[in-house]
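Listed below are the residues making up each chain.
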Amino acid sequence: MSSFAAKFAADGDPWSTFSNRDEAVKRAAILHALGPAPMGRVLELASGNGSNSRAIAPRVLRLDATEGTAAGTRLTASAIAAWPRARAIELALPARLPARPYDAIVVAELLYYLSPLDMARVADCVGKVLRSGGRLVLAHHQVDYYDFAQHARGIHERFLEETGCDWRIKVVRRCARWIVSVARKK
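Student: Before we move on, can you summarise unusual backbone geometry with the specific residues and values?
Tutor: Cis rather than trans, the peptide bond between A37 and P38 has omega equal to 0°. Relative to the helices and strands, P38 resides in the loop between α2 (21–34) and β1 (39–45). Geometrically, the link from L93 to P94 is a cis peptide bond, its omega value of 5° lying close to zero. By secondary structure assignment, the location of P94 is in the loop between β3 (86–90) and β4 (102–108). Not every positive phi belongs to a glycine, and A46 is a case in point at roughly 60°. You can see A46 is positioned in the loop between β1 and α3 (51–56). Taking the relative accessible area as the measure of exposure, A46 reaches 23% and is therefore partly exposed.

Student: Summarise the nonpolar core; cite the residues concerned and give the values.
Tutor: Judged by nonpolar contacts, the single largest core of 29 residues is most densely connected at L45, L97, I105, L111, L136 and F159. Elements with a contribution of two residues or more to this core: β1, β4, α5 (116–129), β5 (130–141) and α6 (155–163). When residues in this core are grouped by element, the largest group, 6 residues, is from α5. With 24 residues, the next largest nonpolar core counts L31, M39, I56 and A104 among its residues.

Student: For the packing of aromatic side chains, give the residues involved together with the corresponding values.
Tutor: Inspection of every chain in the model, using the stated rule, returns 4 aromatic pairs. Aromatic pair Y145 and F148: ring centres 5.6 Å apart, planes at 65°, arrangement edge-to-face. When its relative accessible area of 13% is taken as the criterion, F148 is described as buried. Of the aromatic side chains, those joined through ring pairs into one cluster are Y112, Y113, Y145 and F148.

Student: So what's going on with the environment of L111? Which residues, and what values?
Tutor: In this fold, L111 is placed in the loop between β4 and α5. Along the backbone, L111 and Q150 are 39 residues apart, and their C-alpha atoms lie at a distance of 8.4 Å. The residues touching L111, leaving out its near neighbours within four places in the chain, are M119, L138, H140, Q150, I155 and F159.

Student: Give a detailed account of the pattern of salt bridges, specifying residues and quantitative values.
Tutor: Here the structure, examined in full by the defined rule, presents 9 salt bridges. D103 is paired through a salt bridge with R131; the nearest N and O atoms lie 2.6 Å apart. Of this pair, D103 sits in strand β4 while R131 sits in strand β5, placing them 28 residues apart in sequence. Owing to a relative accessible area of 35%, R131 belongs among the partly exposed residues under this scheme. Ionic pairing is found between R121 and D118, a salt bridge with its closest N-O pair at 3.3 Å. Placement of both R121 and D118 in helix α5 is noted, with a separation of 3 residues, approximately one turn of the helix. Here R121 falls in the partly exposed class, since its relative accessible area comes to 45%. The exposure class assigned to D118 is partly exposed, which follows from its relative accessible area of 21%.

Student: So what's going on with the pairing of β4? Residues and values would help.
Tutor: Note on strand geometry: in a regular strand, side chains alternate between the two faces of the sheet. β4 sits mainly inside the fold: 7 of its 7 residues count as buried. Relative to β4, β1 runs parallel, the two being bridged by 4 bridges. The partner of E44 across the bridge, within β4, is V106. Regarding topology, α5 serves as the crossover connection from β4 to the parallel β5, and that connection is right-handed.

Thresholds applied
- Residues numbered from 1 in each chain as written.
- Predicted model: local features only at pLDDT ≥ 70, side-chain atom pairs only at ≥ 80, totals over all residues.
- Heavy atoms only, no water.
- Helix = DSSP H or I, 4+ residues; strand = E, 2+ residues; numbered from the N terminus.
- Buried < 20%, exposed > 50% of the residue type's maximum accessible area, 1.4 Å probe, protein only.
- Core = buried A, V, L, I, M, F, W, Y, C linked by side-chain atoms within 4.5 Å.
- Phe/Tyr/Trp six-rings, centres within 6.5 Å; stacked < 30°, edge-to-face > 60°.
- Contact = heavy atoms within 4.5 Å.
- Salt bridge = Lys/Arg side-chain N within 4 Å of Asp/Glu carboxyl O.
- Pairing = 2+ DSSP bridges.
- Right-handed = clockwise from strand over helix to strand, strands pointing away.

None of the figures reported here should be taken as evidence of function without further support.
Structure (structure tokens):
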């Protein structure tokens, strides 16, 4: 059992993402980065327990929220059950992403858990499924934790470079612990 599967098996909200004030501020920054609603097709990678998915779903025409664990996928499905155009998909990364062109992709609290090679594979896929002019929203810690596969600082820049695409990048919100950026694909 992966460490994330074990965390979700023990607690449906192991990081208090539904109730923690700091998480709510970060979620608001993610929603701001997505832009005004309604939005078209949105892909969320590594949805965890669905706390961000629940906030995104009512603002979009279609949400594909992916999660790498069965337990997390069930939690996400439950969180977005009220929105029939939102679905939870079990997808452990790196993997081939759904092939449709997306208007926006949200990647939060994921990249530093991937090895540099796996991150490059995900970046390549993201670059291919995000339409020109689309938004890539990145939300990650800026400090390292014991279970990271790579350093947090600069993770957004490294990921964007690995996509092979040209971007217009804007920091939406930053604090001592985390940063939310939006990158528009040229």
